[in-house]
Amino acid sequence: MTMQGAPDPESEQGRVGAEPGRTHVSAAGLRARGWTDGIVRRLLGEPDRLSAHPRFRSAPWTRMYRVERVEAAEQSAEFRSGAAFRSGVAFAARRSGAVRKAAGRRGRESVARRRREVLARILAEPIDVPRMDAGELARRAVEHRARREREATAGAASTTNALGAPRPPRSPNPPRSPSPLLTDPASLDRWTVDYLRHRLSPYDELLEGLSSREGRGRAAALLRQRILAAIAEAYPGLAAECERQVRNQQLGPPAGEISAHSD
């Protein structure tokens, strides 16, 4: 037998062209049969021969092991227990991967189903716009706008000046809201639509439980679009402002199609 660990003392022609596949197994062949490098070292030790690459002389020598020794080692209890363990690990890995894929698929299906349900509910929900005469609506819209501006100013103002000294107390009588008659029509329409949207904010409950991952932004845009369409139907004089807000917020179809989404 050829000395273990030494190149096969064959002629150059035989060493390059011969393929001892019938009598020997390469290290790659062992791995294909379920061997690991550690088990090869423990059960087989040094290779029975070293074979040169059939085409590239500069390639590393290939470790070759006699088939008889390989088959005998594969019958040992140590190899069988290791093979069973490796098979179990591979099966567990495959099963874990399959479980993760199935869970991911179920999660995506659940997200898509939840999104469809919310969008369908938004499309089906009647939007009940509060009705009132033009004068009362304008008065409330202006008051609502003034109240929001006061709240914004109060929230931004500090209680101390730049030197840390307390600021003088605010006037107990803040300025009164401007008269609707003194407000330009475009601003009044904008304030009125904003006021009505504020009155319809309870419809935001339709979005409850919908996360950004599930398309909350799209659902919220659809809800705002339906609310603006309902306002335009209830108050035709505000239709132009509703259409402007649809365009500016990119809520969906062109302004000319807003009536198609009204109740």
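Placed above this text is the structure.
Residues numbered from 1 in each chain as written. Predicted model: local features only at pLDDT ≥ 70, side-chain atom pairs only at ≥ 80, totals over all residues. Heavy atoms only, no water.

Student: Any chance you could explain the overall build of the protein here in plain terms?
Tutor: Check the secondary structure of the protein and you find nine helices and three strands. Moving toward the C terminus, one meets the helices and strands of the protein in the order α-β-α-α-β-β-α-α-α-α-α-α. Counting over 263 residues, the protein shows a buried share of 32%. Excluding contacts between residues fewer than 6 apart, the proportion of contacts in the protein whose partners are at least 24 apart in sequence is 72%. Taken as a whole, the protein presents about 17,000 Å² of accessible surface, with 54% of it coming from carbon and sulfur. (Helix = DSSP H or I, 4+ residues; strand = E, 2+ residues; numbered from the N terminus. Buried < 20%, exposed > 50% of the residue type's maximum accessible area, 1.4 Å probe, protein only. Contact = heavy atoms within 4.5 Å. Areas by Shrake-Rupley, 256 points an atom, 1.4 Å probe, with all protein chains shown as cover.)

Student: When you look at the packing of aromatic side chains in this model, what are you seeing that I'm missing?
Tutor: Where two aromatic rings form a pair, the distance of their centres and the angle of their planes describe that pair. Applying the stated criterion to the full structure yields one aromatic pair. Both rings, one in W35 and one in F79, keep their centres 4.6 Å apart while their planes meet at 40°; by these two values the pair is tilted. Within this pair, whereas W35 is found in the loop between α2 (27-32) and α3 (37-43), its partner F79 is found in helix α5 (residues 77-124), the two being separated by 44 residues in sequence. Here W35 matches F79 in class, with each residue buried. (Phe/Tyr/Trp six-rings, centres within 6.5 Å; stacked < 30°, edge-to-face > 60°.)

Student: What is the right way to read the side chain of D48 from this model?
Tutor: With respect to the helices, strands and loops of the structure, D48 is situated in the loop between α3 and β2 (49-51). The class for D48 is buried, based on a relative accessible area of 3%. A distance of 2.7 Å separates the side chain of D48 from the backbone nitrogen of R66, its partner in a polar contact. (Polar contact = N/O pair within 3.5 Å; in protein donor to acceptor, adjacent residues only side chain to side chain.)

Student: Hey, could you run me through the side chain of H24 in this one?
Tutor: Counting through the fold element by element, H24 comes out in strand β1 (residues 24-26). Residue classification places H24 among the buried positions, given a relative accessible area of 12%. Among the polar contacts made by the side chain of H24, one reaches the side chain of T23 at a distance of 2.8 Å. Ignoring anything within four residues of it in the chain, the contact list for H24 reads D48, R49, M64, Y65, R66 and V67.

Student: Before we go on, may I ask you to explain the environment of M64 in this structure?
Tutor: Looking at the secondary structure, you find M64 in strand β3 (residues 62-66). Take M64: its relative accessible area is 4%, and that puts it in the buried class.

Student: It is not clear to me how helix α7 (residues 185-199) should be interpreted in this structure. Could you clarify?
Tutor: Residues lying three or four places apart along an α-helix face the same way, a consequence of the helix completing one turn every 3.6 residues. Helix length check: α7, at 15 residues, gives a terminal C-alpha distance of 21 Å against a target of 21 Å (1.5 Å per residue), a fit within 8%. Within the span of α7, buried status applies to S187, L188, W191, T192, V193, D194, Y195 and L196. (Expected span 1.5 Å × (residues − 1).)

Student: Hey, could you run me through the environment of R226 in this one?
Tutor: Inspection of the secondary structure assignment puts R226 in helix α8 (residues 216-234). Put simply, R226 and I122 are 104 residues apart on the chain and 8.2 Å apart in space, counted from C-alpha to C-alpha. Looking at R226, its side chain comes within polar contact range of the main-chain oxygen of E125, at 2.5 Å.

Student: It is not clear to me how the nonpolar core should be interpreted in this structure. Could you clarify?
Tutor: General note: in soluble globular proteins, nonpolar side chains tend to be found buried as a group. I122, V129, L196, I231 and Y235 are the most contacted members of the largest nonpolar core, which has 35 residues in total. When contributions to this core are tallied by element, the ones reaching two or more residues are α5, α6 (134-156), α7, α8 and α9 (239-249). At 10 residues, α8 tops the list of elements feeding residues into this core. Ignoring any residue separated from it by four or fewer positions in sequence, one finds L196 in contact with V129, P130, L137, I231, Y235 and L238. (Core = buried A, V, L, I, M, F, W, Y, C linked by side-chain atoms within 4.5 Å.)

Student: Got a minute to help me understand the pairing of β3 in this structure?
Tutor: Side chains on a regular strand alternate between the two faces of the sheet. As defined by bridge partners, β1 adjoins β3 across three bridges and the pair is classed as antiparallel. Note on β3: the bridge partner recorded for S26 is M64. Bridge analysis of β2 against β3 gives three bridges, and the strand direction is antiparallel. Paired with R49 across the two strands is M64, which belongs to β3. (Pairing = 2+ DSSP bridges.)

Student: Looking at this structure, how should I read empty space enclosed by the protein?
Tutor: Any empty space left between atoms is shown by rolling a water-sized probe over those atoms. In total, this model carries one cavity of 30 Å³ or more according to the counting rule given. Of the volumes computed, that of the largest cavity is approximately 50 Å³. Listing elements by their share of the lining of the largest cavity, those giving two or more residues are α2, α3 and β3. Looking at the lining of the largest cavity, the element that brings in the most residues is α2, giving three residues. Each residue belonging to the lining of the largest cavity can be placed in one class, and the counts come to five nonpolar, one polar and three charged. (1 Å grid on protein atoms, 1.4 Å probe; cavity = no way out; pocket = protein on both sides within 12 Å on 5 of 7 lines; lining within 4 Å. Points joined across faces, edges and corners; volume = space filled by probe spheres on them. Nonpolar A, V, L, I, M, F, W, Y, C, P; charged D, E, K, R; others polar.)

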